[in-house]
Every structure is written in structure tokens, then in C-alpha cells.
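Close look at the chain arrangement
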Amino acid sequence: MRRNSKILAMILILIMLGGMFLSACGQKPAPPADTAPAAAPSEEPDSKAAVAETEGMEAIDTSQEVKLVMYLLGERTPDFDKVFDRINEKLKEKINATIKPVMVSWGEYKEKMPLIYASGEAYDLVYVANWMNYTSEALKGPFLKLSELMPKYAPKTYAEFKESGALDTALVDGKLYMVPSPTTDYTTYVTLWREDLRKKYNVPEITDWDSLAVYMDAIKENEPDMLPLATGPQIFLNMLLMTENDWGQMTAGKSSTAAGGVVICKDEAGSKAFNLLDTPEYEAYVKRNREYYLKGYWSRNVLSETRMLAEAFEAGQSAITIGNKSNILQMYQKIKANNPNWELDFKNFDAGSYIKVSPTNNGMAIGVNSKHPERAMAYLELINQDEEVFRAMQYGIEGKTYVVDENGCKTTPEGVDPSTLALRNLGMGTQVEKFMFKNAADEQKVLDEFDSYESNAIYSPLTAFVFDDSAVAAECAAVANVLTEYKLPLDFGVSDPETALPELREKVKEAGIDKIIEEVNRQLEVYFAAQ
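For clarity, every value in this text was computed on a predicted model and none was experimentally measured.

Take the overall build of the protein chain next. A tally of regular secondary structure across the protein chain gives 18 helices and 19 strands. Here the protein chain, with 531 residues, has 56% of them falling under the buried criterion. A total of about 22700 Å² of accessible surface is found on the protein chain, and carbon and sulfur atoms cover 48% of it.

Our next topic: the sheet that holds strand S18 (residues 438-439). If you trace the three strands from one edge of the open sheet to the other, you get S16-S17-S18, paired in mixed fashion. Looking at which strands have only one partner, the edges of the open sheet turn out to be strand S16 (403-404) and S18.

Within the secondary structure, Asp496 sits in the loop between helix H16 (473-491) and helix H17 (497-511). For the pair Asp496 and Lys287, spaced 209 residues apart in sequence, the C-alpha to C-alpha distance is 8.0 Å. With near-sequence residues (within four places) excluded, Asp496 lies in contact with Arg290 and Leu501. A distance of 3.0 Å separates the side chain of Asp496 from the backbone nitrogen of Glu498, its partner in a polar contact.

The backbone phi angle of Asn96 is positive, close to 50°, even though this residue is not glycine. Here Asn96 shows up in the loop between helix H1 (80-95) and strand S4 (97-104). Even without glycine at this site, Asp173 takes up a positive phi of about 55°. Within the secondary structure layout, Asp173 lies in the loop between strand S6 (171-172) and strand S7 (175-176). Judged by relative accessible area, which is 55%, Asp173 ranks as exposed.

Before going further, it helps to spend a moment on the sheet that holds strand S5 (residues 125-128). Sheet architecture is open: five strands sit in the order S4-S3-S5-S15-S8, paired in mixed fashion. Each edge of the open sheet carries a strand with a single partner, namely S4 and strand S8 (179-180). In the sheet, strand S3 (residues 66-73) pairs with S5 via two bridges, with the strands oriented parallel. The residue bridging Met70 from the neighbouring strand is Leu125, located in S5. The strands that H1 touches are S3 and S4; relative to S4, the one it contacts most, it runs at about 145°. Along the sheet face, helix H2 (residues 109-119) touches S3, S4 and S5 and points at about 140° away from the line of S5.

Before going further, it helps to spend a moment on the side chain of Glu305. Within the fold, Glu305 resides in the loop between helix H10 (280-295) and helix H11 (309-314). Residue Glu305 is classed as buried on the basis of its relative accessible area, which comes to 16%. For Glu305, the side chain forms a polar contact with the main-chain nitrogen of Arg307, separated by 3.0 Å.

It is worth spelling out the packing of helix H5 (residues 155-164) against helix H13 (residues 373-385) at this point. Here H5 crosses H13 at 65°, and the two axes come no closer than 8 Å. If you check the angle between H5 and H13, you find them roughly perpendicular. Here Pro155, Lys156, Thr157, Glu160 and Phe161 of H5 lie close against H13, whose contacting residues are Leu380, Glu381, Asn384 and Gln385. Of the residues in the contact of H5 with H13, the class split is three nonpolar, three polar and three charged.

The rules behind these values
- Residues numbered from 1 in each chain as written.
- Predicted model: local features only at pLDDT ≥ 70, side-chain atom pairs only at ≥ 80, totals over all residues.
- Heavy atoms only, no water.
- Helix = DSSP H or I, 4+ residues; strand = E, 2+ residues; numbered from the N terminus.
- Buried < 20%, exposed > 50% of the residue type's maximum accessible area, 1.4 Å probe, protein only.
- Areas by Shrake-Rupley, 256 points an atom, 1.4 Å probe, with all protein chains shown as cover.
- Pairing = 2+ DSSP bridges.
- Contact = heavy atoms within 4.5 Å.
- Polar contact = N/O pair within 3.5 Å; in protein donor to acceptor, adjacent residues only side chain to side chain.
- Axes fitted to C-alpha atoms, helices over the stretch in contact; angles between N-to-C directions.
- Parallel < 35°, antiparallel > 145°, perpendicular 65-115°, else oblique.
- Nonpolar A, V, L, I, M, F, W, Y, C, P; charged D, E, K, R; others polar.

Structure representation (C-alpha cells):
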């Protein structure tokens with residue numbers, strides 16, 4: 001089943017299952033220009049203006065201090081102002097600029113960020129990501145084109161990212177709108193369970209879905225206050241289906257938010273799109289989930305469940321959770337701190353080749369109406385090349401928000417609650433692995449597991465593909481409506497697949513799925529021919 005390539009990102013359609021995804025932050029904007037707008041002139045230029053210039057960078061007049069408005073995801077923490085005072089102290093010294101951070105909470109970013117983009121606001125920097133619809137938003141024009149600006153004012157970073165191929169993954173219709181943040185991670189998910197309970201009930205070792213079902217049976221029989229798998233509004237089960245079969249994960253092209261697609265393809269050159277719903281793998285998947293639902297492995301009210309899977313696991317209400325590398329590392333840390341008597345173990349049922357997380361999973365863009373684009377780009381060069389600035393943004397203040405132990409690992413200062421230090425959100429769009437500390441609290445077993453994927457990992461050849469749905473917009477909308485009504489109950493076992501799956505297949509055909517697949521394949525052929 002495995003090939004040397006594995007699927008990522010390519011659910012080209014953009015057919016949505018409303019409200020399923022968590023993973024995760026007025027005036028129309030002027031159309032992006034090919035070159036950056038001029039920075040606002042100084043009111044009284046100094047004939048001896050200070051000029052910031054690092055190796056290879058074009059000179060920037062820094063005689064006037066500027067304030068860069070930066071939109072970031074997350075919440076303000078208790079030490080937020082102190083941390084940013086330190087960051088701004090460094091930035092003022094190096095490029096005579098300070099940052100005015102504007103935090104957008106995780107609960108409102110989906111609605112708020114598109115409104116900010118459409119308003120024409122003259123912000124300078126903004127966190128962007130493929131899972132926040134970077135591609136579709138970039139096509140609307142709120143971000144500055146960076147192809148000329150970046151080589152001038154971030155030359156080292158440009159050279160590094162160009163050589164690694166990271167910049168190519170951020171191109172939209174051949175244009176660069178993002179400075180990506182390439183880090184080593186993979187689009188794969190692992191299943192984590194209570195190993196202490198497995199041993200308690202003499203369940204055989206867990207190696208696959210069949211042995212996991214034996215464990216879930218034991219939990220159902222012996223733990224009346226716990227669900228085996230408290231799945232809810234997330235799509236982790238769908239994600240596992242995709243990765244186990246080397247299929248594309250659910251992302252969006254030009255249309256709307258990624259949540260669940262049924263037009264997919266193998267992640268390899270020359271692939272053709274097909275209908276997920278017609279595959280025997282999907283049929284087996286919904287039949288298995290129907291069995292799990294009837295056995296009570298998850299809530300009978302799963303379609304209205306608001307509790308996140310990880311939250312239920314941490315609270316002792318679920319015996320299993322599913323997540324990526326970051327999710328699993330965080331869960332180990334929380335359980336060690338709050339339930340040290342629990343024993344955990346995990347397994348990746350997706351054994352084979354792996355797709356690297358795209359560098360566009362995190363990144364920064366410059367607003368198309370920014371008054372200081374050169375200084376904004378100089379900041380991005382600085383944080384990618386200056387260890388001191390990076391660590392201030394990523395970790396905060398040494399001795400107060402983090403300390404470095406004798407092994408060179410980052411840990412939390414004594415007496416400080418780590419839950420109050422969500423500083424990673426500040427540097428989420430500018431993660432620089434060469435400057436990162438190892439985390440002393442990270443579970444080495446998890447790190448070793450994910451490190452083992454590197455030898456069999458690739459970037460998706462479809463990363464830069466953008467599906468333009470304008471020729472089939474009506475069909476996409478019609479199929480999306482069908483999926484919202486019929487697919488979600490099937491995915492969670494609420495509907496009987498014997499009758500519901502044939503009905504769903506017929507409904508999407510009536511809505512125009514075949515026409516969409518034909519258009520996707522036409523665009524794929526053009527895309528691959530240009531590679």
C-alpha cells in the first residue's frame with residue numbers, strides 16, 4: 001500500500017464538512033503591486049540618517065523609529081507586556097523599530113481575520129498558515145508580493161529558503177506572499193492510550209485497529225465513567241483514513257475553509273483525482289465506525305459533542321486520544337504534571353513513507369497596505385538570523401519565562417506555572433530550528449518516533465497546486481451542502497452505511513461531483529506539465 005510518496009494536502013476540492021475541524025488565529029484592499037510600496041517618508045529627514053545594513057541587505061533609512069503592527073494568534077499571558085518590552089528593546093537597537101502586537105484569540109480568528117484582510121487596514125505583519133487558508137486569502141489581495149522585497153531586505157533568509165525549496169511551497173499562482181517557517185514535522189497522527197489500563201485489564205499489546213478494539217472493549221466493560229474514544233467535533237478519524245491509505249489530507253484550494261473533501265488523489269507526479277466515497281476503503285471505514293458507535297466506543301451524542309478529544313483524555317473521560325507530534329508531546333507533559341501515576345503509550349498505525357509538513361504550515365505575511373514594508377522584512381530577516389531576537393520572541397525572558405538546564409534544554413523556572421507561558425504563539429510564524437532549545441519536558445520516546453520518519457519522508461509534489469473552482473463553483477457549493485447533511489453522520493457511525501452510503505453517493509453525483517473531478521484533473525494535468 002505504501003509508495004515512496006505519501007499523501008498530503010491535496011484535497012482539492014474544498015468541499016466542506018461544516019464545523020468539523022478544530023486542528024487550531026469596509027474598504028477593499030488595494031490590489032497587490034509587483035513591488036513594495038514606498039515606506040512612509042520621515043517628516044524631517046536627517047542628513048545623517050542612520051542606515052540599517054546587514055551582510056547582503058540593501059540599506060534602509062532607520063533615522064525615524066517606526067512601530068510595526070503585527071497580528072498574531074493566541075491569548076495574552078501574564079508576562080506578555082514584559083516579554084514584548086524586551087523584544088522591542090532589541091528591535092529598537094538593531095533596526096530602530098518596535099512591534100505593536102494585536103492578539104486574535106483562537107476562538108475568533110476564523111471570523112475575524114478575513115474581516116481584517118477585507119478592511120484594507122494598514123497592518124505591517126500578520127501570521128498566516130495553509131490551515132488558515134493562506135492560498136485562498138492570498139488570491140484576494142490582502143498580502144504584499146515579496147519576490148522582490150525579500151531578496152533585498154532578507155537576503156540570508158531568502159537564500160536559505162530558496163535552496164531548501166521552502167519558498168517554492170509558498171508560491172500562489174507563481175507569486176510569493178509568505179515568508180514560511182520550515183520546521184521538521186510530518187503530516188501523520190499517532191494514537192495514544194492509557195497503558196496502565198491496558199495492563200490492568202490484561203489486554204494484549206496494541207499494534208493495529210483490531211488490537212485497539214480489544215482495548216476499547218475492555219474499557220467499555222470495566223470503566224463505566226470513561227468512553228473508550230471520546231471523539232467529537234474533530235476529524236482525526238478522517239485524517240487517519242487518509243494517512244493510512246496514502247491519500248491526500250483535507251485542505252482547500254481557492255474556495256473555502258478546509259474541513260473535509262471527497263475529491264482526492266495520490267501525492268505523486270501525474271496523479272489523478274477520484275471520489276473518496278466510491279472507494280472500498282471508505283466503505284470499510286464507515287462500516288467499522290458504525291460498529292464502534294453501536295458498541296458505545298464514543299458518545300451517542302457525537303454529532304453535538306463539543307468536548308475536544310484531548311480535553312476528554314486529559315480529564316480521564318476518554319481512554320484514547322489521537323494527535324500529531326506537538327499534540328502528543330503536550331499530552332505527555334500535562335499527564336506527567338497532573339496525573340503522574342498514569343502510564344502512556346502510543347502507536348502510529350501509518351507505517352511507511354511520510355509527507356513532511358509544508359513550510360507554509362506557519363509563516364508571516366506583510367500587509368499590502370503596510371507603510372513600512374522594508375522594515376517589516378528587515379524584522380523577518382532579523383528573527384531568522386539573530387539568535388538573541390529569535391529567543392526573545394520564542395521563549396521570552398531567560399530566568400523569568402524560561403531557564404536553560406545543564407544539558408542545554410529549556411525548562412520552566414521553579415515556581416512558575418507553565419500553562420501561563422503560552423509564548424510559543426508569539427513566535428509561531430517564525431520558528432527557526434537552528435536557534436531552538438530542546439525542551440527538557442519533551443518525552444524522548446515521542447521525539448525518537450518522529451525522528452525515525454526522516455529517512456522516508458518527502459515534501460509533497462502537490463504542495464504548490466491551487467485548485468481554481470470558478471468553473472465549477474455551483475457544483476462545489478451543491479456538493480458541500482450534501483456532505484454537511486449526509487457525510488458527517490456516516491463518518492461517526494450514526495447512519496447505517498448499508499442504506500446511507502448508497503444514498504450519499506447518489507446525492508453527490510446529482511450535485512455534480514463528476515464535473516468537479518473532471519475539472520480538477522484538467523488543472524492537475526496543466527500543473528504537472530509545468531513542473
